[in-house]
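# Structural features, examined
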Amino acid sequence: IEKVEDKNVKGIFVMTASMKWLYSYYHDVIFLDSTCKTNKSDYPLVVIGGIDHNNKNIVLGFGFLRTEDNNSYKWFLSQLLKCTEGTEPGTILTDFDPAIAHAIEHTFKTTNHLLCEWHFMQNLKKQFIHLQNNKSASHKKIYDTILSLV
């Protein structure tokens, strides 16, 4: 737990012994995702997950952050390294959050950072939705073409 001067909790990181054991076996590809303030305290829940040998989702760690900024995510990822004795993930999948990308770049030396295809498609649709909503048939055709290319 990290606290700031006003004694409010800045962040909480949790990795149980069983999560640490799982991480030691399944840290080659992990994902990191956060909710958007859906709990009573309005702190984003950040989850580190992976896939085990049975293709089942596993939780490798989680925590709560007061803010979703560069420093908060750097702190969160540094706690991961601390709990795993410096073992970096091989590859980490995330959404398009610039603060997460910045933290990964500044915390991990050898980790590959990839963007999740599902998040990519959601953002692509969001960026070009105005073409689909346009009354012009040509704009709708452009939107359909863009989506068919990816």
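The structure under discussion appears in the preceding block.
Residues numbered from 1 in each chain as written. Predicted model: local features only at pLDDT ≥ 70, side-chain atom pairs only at ≥ 80, totals over all residues. Heavy atoms only, no water.

Turning next to the pairing of strand β5 (residues 57-65). Bridge count between strand β2 (residues 9-14) and β5: 4 bridges; the pairing is antiparallel. Within β5, the residue paired with Phe13 across the bridge is Gly63. The pairing of strand β4 (residues 45-51) with β5 spans 7 bridges and is antiparallel. Its bridge partner lying in β5, Ile48 is registered against Gly61. (Pairing = 2+ DSSP bridges. Helix = DSSP H or I, 4+ residues; strand = E, 2+ residues; numbered from the N terminus.)

With that settled, consider the environment of Phe76. By secondary structure assignment, the location of Phe76 is in helix α2 (residues 70-83). Each C-alpha atom of the pair Phe76 and Phe62 lies 9.1 Å from the other, and the pair is 14 residues apart in sequence. Setting aside chain neighbours within four positions, we find Phe76 in contact with Ile12, Phe13, Leu32, Val46, Ile48, Phe62, Gly63 and Leu65. (Contact = heavy atoms within 4.5 Å.)

To continue, consider α2. With 14 residues, α2 should cover 20 Å at 1.5 Å per step; its first-to-last C-alpha distance of 20 Å lies within 8% of that length. Directly after α2, the chain includes Glu85, whose backbone phi takes a positive value near 55°. (Expected span 1.5 Å × (residues − 1).)

Under the counting rule described, the total for this entry stands at 1 salt bridge. Glu85 serves as the salt-bridge partner of Lys20, at 3.6 Å between the closest nitrogen and oxygen. Separated by 65 residues along the polypeptide, Lys20 in helix α1 (residues 17-26) and Glu85 in the loop between α2 and β6 (91-94) bring together distant segments of the chain. (Salt bridge = Lys/Arg side-chain N within 4 Å of Asp/Glu carboxyl O.)

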